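# Fold and geometry: a report
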Amino acid sequence: MTDSPSTTNVRAMVVNSFGGPDTLTAQEVRLKAPARGEVLVRLAVAGVNFVDTYMRRGLRTMPLPFTPGLEGAGVVEAVGPGVSNVRPGDRVAYAQQLGAYAEATLVPADSLIPLPDDMSFEDGAAFPLQGMTAHYLIHEYRKPREGDVVLIHAAAGGVGLLLVQWARHLGARVIGTVSTEEKAEAVRKAGAHDVILYTEQDFAEETLRLTDGHGADLIIDGVGASTFQGNLQAAALRGQIVIFGAASGPADPISPDVLMERSLSLSGGDLWHFMPTSDDMLSRANAVIEGIENGWLKPHISRVLPLAEAAEAHRLLGDRHTIGKVLLSTGN
Ligand SMILES: NC(=O)c1ccc[n+]([C@@H]2O[C@H](COP(=O)([O-])OP(=O)(O)OC[C@H]3O[C@@H](n4cnc5c(N)ncnc54)[C@H](OP(=O)(O)O)[C@@H]3O)[C@@H](O)[C@H]2O)c1
């Protein structure tokens, strides 16, 4: 069923050419009525993710122009033919569709996550992408056991703070790396046992020192170039290293022999590969919601900027000035 007009004009932040944060331009964009299986969501809040900055810079293949933003929360305004899982007026979030830096957007119905009544739109936009990422990183590799040493890079970041809380919840000994003392404080508050300022100290040596030479059983790395080599020294015998991002640029290649010498495992991860079906996505999302509702998992929202200030959000993120999550509010 659809009861929407054939098109709607909405205010959006658009990338017309690849480049710095100021390429994000406020524009009116025209949305068609939702097609079969689609839903028009009136967005209250969009989540900002580091990957948005890769897209803006042209480091990911993107058709121009485009509206960035892979997640948001808001209210269903209209549904296309064949949609039965949501109705106009439902409160929803999602993380699988480009176009969230806007007052409204079209989303496949099977990407929608129903929001609990008592969850704010801010929390709703803060958890999907980074929460489901933390979920697969914790559960799909070496799932931390009581006493395992888990080393988390950029631990004060959006994904980082969620990983710290999750690993701690499972009983791991958590070590985080960060660039500033203010970030270190946030990571300690999130439950890390130790924090290393990797801009001042050699994190591999420090990890070995803190663990009496044992090293880290699991290393979760979204930083890449500046951390990758150190991971090989910081890992425990038979340790597992998971690379899921490259905030500092792509890591240099290594010989596989390096892994053999200390029986290390090296894996990569991309969220989209860990939720091939709507049921997979919903089970990860609901595990995150459960953690939030039970009180042991808290998305840390550090900044909520107006949608028009998307460029400032990108500047803060690219300049390493953010702790936890940055959101854009549409005023809806
Ligand atoms: N593969 C996946 O499934 C997946 C999903 C989500 C995110 N990611 C990746 O995970 C990483 C974290 O994402 P996020 O959205 O949560 O971002 P974020 O961690 O909030 O922000 C990135 C952080 O990386 C650190 N960093 C280190 N070197 C940097 C540099 N040269 N420039 C900028 N930042 C640098 C900074 O923390 P310090 O200042 O403390 O160093 C910065 O705050 C990103 O690489 C992202 O692409 C991957």
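Refer to the structure presented above.
Okay, so let's go over this structure. (Residues numbered from 1 in each chain as written. Predicted model: local features only at pLDDT ≥ 70, side-chain atom pairs only at ≥ 80, totals over all residues. Heavy atoms only, no water.)

## Re the site of the ligand
Heads up, the condition is: What makes a residue near a molecule or strand is one non-hydrogen atom of that residue sitting within 4 Å of it. A 3.5 Å cut-off defines polar contacts: any pair of N or O atoms within that distance qualifies, except that in protein one atom must be a possible hydrogen donor and the other a possible acceptor, and neighbouring residues in sequence count only when both atoms are side-chain atoms. Under the convention used here, a 1.4 Å probe and the Shrake-Rupley method define accessible areas, while residue burial counts only the protein chains that appear. Helix numbering and strand numbering both begin at the N terminus, where a helix is a DSSP run of H or I of at least 4 residues and a strand a DSSP run of E of at least 2. Three classes are used: nonpolar for Ala, Val, Leu, Ile, Met, Phe, Trp, Tyr, Cys and Pro, charged for Asp, Glu, Lys and Arg, and polar for all others, with Gly counted as polar.
Taken together, 28 residues surround the ligand, and among them Ser179, Lys183, Tyr198, Leu271 and Arg320 come closest. Between Gln130 and the ligand, the recorded distance is 3.1 Å, taken from a side-chain N or O atom to an oxygen atom. At 3.4 Å, a backbone N or O of Ala246 approaches an oxygen atom of the ligand. Summarising the interface, the protein chains cover 91% of the accessible area of the ligand, which totals 900 Å² for the free molecule. Elements represented by at least two residues in the shell around the ligand include exactly α1 (50-57), α3 (128-139), α4 (158-169) and α10 (310-318). It is α3 that contributes the most residues to the shell around the ligand, four residues altogether. Split into classes, the residues belonging to the shell around the ligand amount to 14 nonpolar, eleven polar and three charged.

## Some thoughts on the side chain of Thr53
Counted only if it meets this: In this scheme, a residue with accessible area under 20% of its type's maximum is buried, one over 50% is exposed, and one in between is partly exposed, where area comes from a 1.4 Å probe on protein chains only. Contact criterion: two residues are considered in contact whenever any of their non-hydrogen atoms come within 4.5 Å of each other.
Take Thr53: it is sitting in helix α1. When its relative accessible area of 3% is taken as the criterion, Thr53 is described as buried. Engagement of the side chain of Thr53 in a polar contact is seen with the backbone oxygen of Phe50, the distance being 2.6 Å. Those residues within four positions of Thr53 in sequence are excluded, and the remaining contacts are His314 and Leu317.

## Regarding the packing of α3 against α4
Under the convention used in this document: Helix axes use the C-alpha atoms of the stretch in contact, all axes being lines fitted to C-alpha atoms, and the angles between their N-to-C directions lie in the range 0 to 180 degrees. Throughout, the term roughly parallel applies to angles under 35 degrees, roughly antiparallel to angles over 145, roughly perpendicular to angles from 65 to 115, and oblique to all others. Should the near helix be turned anticlockwise from the far one by less than a right angle, the crossing is termed left-handed; should it be turned clockwise, right-handed.
Relative orientation of the contacting elements α3 and α4 amounts to 45 degrees, with a least axis distance of 9 Å. As far as their axial angle goes, α4 and α3 are oblique. The two elements α3 and α4 cross, and the hand of that crossing is right-handed. The segment α3 lies against α4, with Gln130, Gly131, Thr133, Ala134, His135, Leu137, Ile138 and His139 engaging Gly158, Val159, Leu162, Leu163, Trp166 and Ala167. Class assignment for the residues of the contact of α3 with α4 results in eight nonpolar, six polar and no charged.

## Observations regarding a negative patch on the surface
Short version of the rule: Here a patch means residues that are over 30% exposed by relative accessible area and free of salt bridges, tied together within 9 Å if like-charged and within 5 Å if nonpolar (Val, Leu, Ile, Met, Phe, Trp, Tyr). The term salt bridge refers to a pairing of a side-chain nitrogen on Lys or Arg with a carboxyl oxygen on Asp or Glu at a separation within 4 Å. The sign given to each residue is positive for Lys and Arg and negative for Asp and Glu; His and the chain ends receive no count. Here the site of a charge means atom NZ of a Lys, CZ of an Arg, CG of an Asp or CD of a Glu.
On the surface, Asp117, Asp118, Glu290 and Glu293 cluster together to form a negatively charged patch. Within the element layout of this structure, Asp117 appears in the loop between β7 (112-114) and α2 (121-126).

Everything listed here is a matter of coordinates, which is why it stays silent on function.
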